[in-house]
Amino acid sequence: MFFNAPPTIPTRIFARLPDSLRRTGHETEWHRGQPGVHPEHSLLEGPAFDRDGMLWCVDIPYGRIFRVSPTGTFSTVVEYDGEPNGLAIHRDGRIFIADYANGIMVLDPSTGQVTPFITRVRLERLKAVNDLVFASNGDLYFTDQGLTGLHDPTGRVFRVRADGHVDCLLDNIPSPNGIALDPTETTLYVAVTRANSVWRVPLLADGGVAKVGNFIQLSGGGGPDGLAVDSEGNLAVAHIGLGVIWLFSARGEPMARIQSTIGHHTTNMAYGGPDGRTLFITESESGTLLQADMPVPGLKLFSHQ
């Protein structure tokens, strides 16, 4: 309430999931177990670009991973027994999957084989992972959301170090969802969906965290979902239920409202395009990929380093 309304950046449709890939007449375990109403045809999430400029994304309830060409053509890379929720691409080309049903999985894009990476931590099962991000040294951060919320603030954030050691950084989050690092990699951002906020998590030199704070407080909709950071440290927040991507400065000041042209379930986004200034957005209600022209290129991720 203390800021002026930010300017609106329009979106346009880049690609639509073709009818041949839309499912009807199916009732999945994921649909039955999730609160609220979700589209039957698919649920697009987790966009990420590889080095060849191909956009990868997932379909959670049907265990599908799609690759989308620069011209917007969808192809199914793999359909497997899982619930892929988010993607992060390793520098070596492997695709790491936050699988809501199985944990952290790895896809070999050359063979289409999906294998487990992290399914248990110290012999305990994960709740249900949601999203993940690589640091420049190969450390992997991921959220373990499950069905946590204000009634059960026990969601977690984990780090898998490049040497394989696993740390639980936070275990008191009411629905941790999207996750992103700032350009200095001294701050971790976590979308806390059911609290309608984004937490700022300072990362200490010894690997721990301290003075975790509520960085952004939103209202309305379903809460923040995916996160993305640009090269100047500005934070893009997908606000599911409002059909909006908010752009905040590194100080938390609202800079822009990126408005969906179709549907209200803006789930996640990734920077791409020839100059890195195009934001590609998954809109799951309509099964559509949107585009928006952004003022600053996206942060170069581990996949492109």
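Up top you'll find the structure we're talking about.
Cut-offs applied
Residues numbered from 1 in each chain as written. Predicted model: local features only at pLDDT ≥ 70, side-chain atom pairs only at ≥ 80, totals over all residues. Heavy atoms only, no water. Phe/Tyr/Trp six-rings, centres within 6.5 Å; stacked < 30°, edge-to-face > 60°. Helix = DSSP H or I, 4+ residues; strand = E, 2+ residues; numbered from the N terminus. Buried < 20%, exposed > 50% of the residue type's maximum accessible area, 1.4 Å probe, protein only. Pairing = 2+ DSSP bridges. Axes fitted to C-alpha atoms, helices over the stretch in contact; angles between N-to-C directions. Contact = heavy atoms within 4.5 Å. Salt bridge = Lys/Arg side-chain N within 4 Å of Asp/Glu carboxyl O.

K.L.:
Quick rundown of the packing of aromatic side chains? Include the residues and the values.
P.N.:
Both the distance between ring centres and the angle between the ring planes are used here to describe each pair of aromatic rings. Under the counting rule described, the total for this entry stands at 8 aromatic pairs. Relative to phenylalanine 280, the ring of phenylalanine 49 lies with its centre 5.0 Å away and its plane at 70°, an arrangement referred to as edge-to-face. With a gap of 231 residues between them, phenylalanine 49 in strand β3 (residues 44–49) and phenylalanine 280 in strand β26 (residues 278–283) connect regions that are remote in the sequence. With a centroid separation of 5.1 Å and 85° between ring planes, the pair formed by phenylalanine 96 and phenylalanine 117 is classed as edge-to-face. Taken as a pair, phenylalanine 96 in strand β8 (residues 95–99) and phenylalanine 117 in strand β10 (residues 113–118) lie far apart in primary sequence, 21 residues in all. You can call phenylalanine 117 partly exposed: its relative accessible area is 37%. Here the aromatic residues Phe96, Phe117, Phe134 and Phe302 are joined through ring pairs into a cluster of three or more.

K.L.:
I'd love a proper account of the pairing of strand β25 (residues 266–272), names of residues and values included.
P.N.:
In terms of burial, β25 is largely enclosed, as 7 of its 7 residues are buried. Sheet analysis places β25 next to β26, joined by 6 bridges and oriented antiparallel. Note that in β26 the partner of tyrosine 271 across the bridge is leucine 279. Between β25 and β26, which follow one another and run antiparallel, lie 5 residues, and glycine 273 among them has a positive phi close to 90°.

K.L.:
Break down the sheet that holds β8 for me, citing the residues and quoting the values.
P.N.:
Taken in spatial order, the 4 strands of this open sheet run β7-β8-β9-β10, and their pairing is antiparallel. Each of the sheet's edge strands pairs with one partner strand only, and the pair in question is β7 (84–89) and β10. Adjacent strand axes in the sheet meet at a mean angle of 30°, parallel and antiparallel pairs treated alike. Sheet analysis places β8 next to strand β9 (residues 103–108), joined by 5 bridges and oriented antiparallel. Opposite aspartate 99, over in β9, you have glycine 103 as the bridge partner.

K.L.:
So what's going on with the environment of glycine 221? Which residues, and what values?
P.N.:
Among the structural elements, glycine 221 can be located in the loop between β20 (213–217) and β21 (223–229). When the C-alpha positions of glycine 221 and isoleucine 240 are compared, they lie 6.1 Å apart, and in sequence the two are 19 residues distant. Excluding residues that lie within four positions of it along the chain, glycine 221 makes contacts with His239, Ile240, Gly241 and Leu242.

K.L.:
Any details on the pattern of salt bridges? Residues and values, ideally.
P.N.:
Side chains bearing opposite charge may pair, as long as their charged atoms lie close to each other. For the structure shown, the criterion picks out 9 salt bridges. Between aspartate 167 and arginine 159 there is a salt bridge, and its shortest N-O distance comes to 3.0 Å. Taken individually, aspartate 167 and arginine 159 each receive the classification buried, so the pair is uniform in this respect. Bridged by salt links that share partners, the residues Arg159, Arg161 and Asp167 form one connected network.

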